[in-house]
Amino acid sequence: MPELVKEKWSYNIRESVFCVAITHDAKYIVVGANDKNLYFLDGRGNKLWEYEIGQWVHSVDITYKGNYIVAGTGDYDVCFFNNTGELLWKYKTGGDVNSVSITPGGDYIAVGTADWKIGLLDVINGKLLWRYGVSQMVSGVALTPAAEYIVSGCGDRYIYFQNKNGKLLWKFETNGEVYDVDISFNGNLIIAGGEDKYIYLLNKKGKLLFKKYIGGEIYGVRITPDGEFIVAGVNNNYVYLLNKTGKEIWKYETKGSVYEVDITPNAKHIAVASRDRKLYLLQNLITPSKKLSFLHKKYV
């Protein structure tokens, strides 16, 4: 059987690697770790800079070209950086910032917090545009390129789907806490995973397309912008790659629970944050997605 995935490199960090994000071309990777630092690496695994946050870094994201980085921290802050490591601004929330997601062009940031709130920030000045309350902590958020839609996963077992103004369009109940979510660029596909060990794929109207059982709690999920591939990080130490019908393509074992994953738009590279104190860069060796027409210049 031909090899389907290989490890390109791994990078050792002092504590568990909790969150990760990668640029579209795998040129830059940003990492948050339990040593309370933010790391910025190039695509060969060389550290370009490190920033001491002073609190746990729960979530990170990076713009399409890698110009800007956002981090959510345990001291209630959303921190916004340029790619030289300069802190441009902070926004104080009312709880631990469990999840952040930035639009590819760096215009908006979705925020999910432990004080049961979903929010949308304007990047230019770090101003809060709106905030929406739910009944448990918010563990995962994601948004479409112009923030037309925001999806959130919460401790109350629901997936929430809202428009740019914060209006709730629908919510979908799962069988456990929802730890992470993602959305395709056109907003037509929503992916979620969590405590109940199922990956859920929903359409834009909140209809369940499939749910697939995975052998562990699902900490991180991502879907390629065209919706062709799904990657999941699981507490059984594995990274799973699925196609859009839920069929498993391959799985890759690390030496610890996989806390977060990210994937390039063509599905060629997967960044992995693991409890084993390593950042992994995996190379997907199957034919990558070639549907790149969704990458409109206005979004990047």
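Here, every reference points to the structure presented above.
Residues numbered from 1 in each chain as written. Predicted model: local features only at pLDDT ≥ 70, side-chain atom pairs only at ≥ 80, totals over all residues. Heavy atoms only, no water.

Peer 1: Got a minute to help me understand the overall build of the protein in this structure?
Peer 2: Each helix and strand counted, the protein has zero helices and 28 strands in total. The burial tally for the protein puts 60% of its 300 residues in the buried class. Contacts spanning at least 24 positions in sequence make up 42% of the contacts within the protein whose residues lie at least 6 apart. Per element, the accessible surface of the protein, about 12200 Å² overall, is 45% carbon and sulfur. Here the protein contributes 36 positively and 32 negatively charged side chains, and the mean placements of these two sets differ by 6 Å. (Helix = DSSP H or I, 4+ residues; strand = E, 2+ residues; numbered from the N terminus. Buried < 20%, exposed > 50% of the residue type's maximum accessible area, 1.4 Å probe, protein only. Contact = heavy atoms within 4.5 Å. Areas by Shrake-Rupley, 256 points an atom, 1.4 Å probe, with all protein chains shown as cover. Lys, Arg positive; Asp, Glu negative; His and termini not counted. Charge placed at Lys NZ, Arg CZ, Asp CG, Glu CD.)

Peer 1: Mind showing me how you'd approach the pattern of salt bridges here?
Peer 2: Counted under the stated rule, the structure contains 11 salt bridges. In this structure, D180 and R222 form a salt bridge, with 2.9 Å as the shortest nitrogen-oxygen distance. Placement of the pair is D180 in strand β18 (residues 178-183) and R222 in strand β22 (residues 218-223), with a sequence separation of 42 residues. Here D180 falls in the buried class, since its relative accessible area comes to 4%. On the basis of relative accessible area, R222 is assigned to the buried category, the value being 15%. Residues R222 and D262 are paired through a salt bridge, measuring 3.8 Å at the closest nitrogen-oxygen approach. Residue R222 is located in strand β22, and its partner D262 is located in strand β26 (residues 258-263); the two are separated by 40 residues in the primary sequence. For the pair formed by R222 and D262, the shared burial category is buried. By sharing partners, the salt bridges in this structure join R14, D35, K47 and E50 into a single network. (Salt bridge = Lys/Arg side-chain N within 4 Å of Asp/Glu carboxyl O.)

Peer 1: Teacher, can you tell me more about the nonpolar core here?
Peer 2: Nonpolar side chains in soluble globular proteins tend to end up buried together. Counting 16 residues, the largest nonpolar core has W9, I13, V20, I29, V31, L41 and L279 as its most contacted members. Broken down by secondary-structure element, the contributors of at least two residues to this core are β1 (5-12), β2 (17-22), β3 (28-33), β4 (37-42), β27 (269-274) and β28 (278-284). Once you skip the residues sitting within four places of it in the chain, L279 turns out to touch W9, S10, Y11, V17, V20, I29, V31, L41 and V272. (Core = buried A, V, L, I, M, F, W, Y, C linked by side-chain atoms within 4.5 Å.)

Peer 1: Any chance you could explain unusual backbone geometry here in plain terms?
Peer 2: Positioned with a positive phi, A26 is a non-glycine residue whose angle comes to about 60°. By the secondary structure assignment, A26 is in the loop between β2 and β3. In this structure, A267 takes a positive phi of about 65° despite not being glycine. Relative to the helices and strands, A267 is located in the loop between β26 and β27. For A267, a relative accessible area of 0% corresponds to the buried category.

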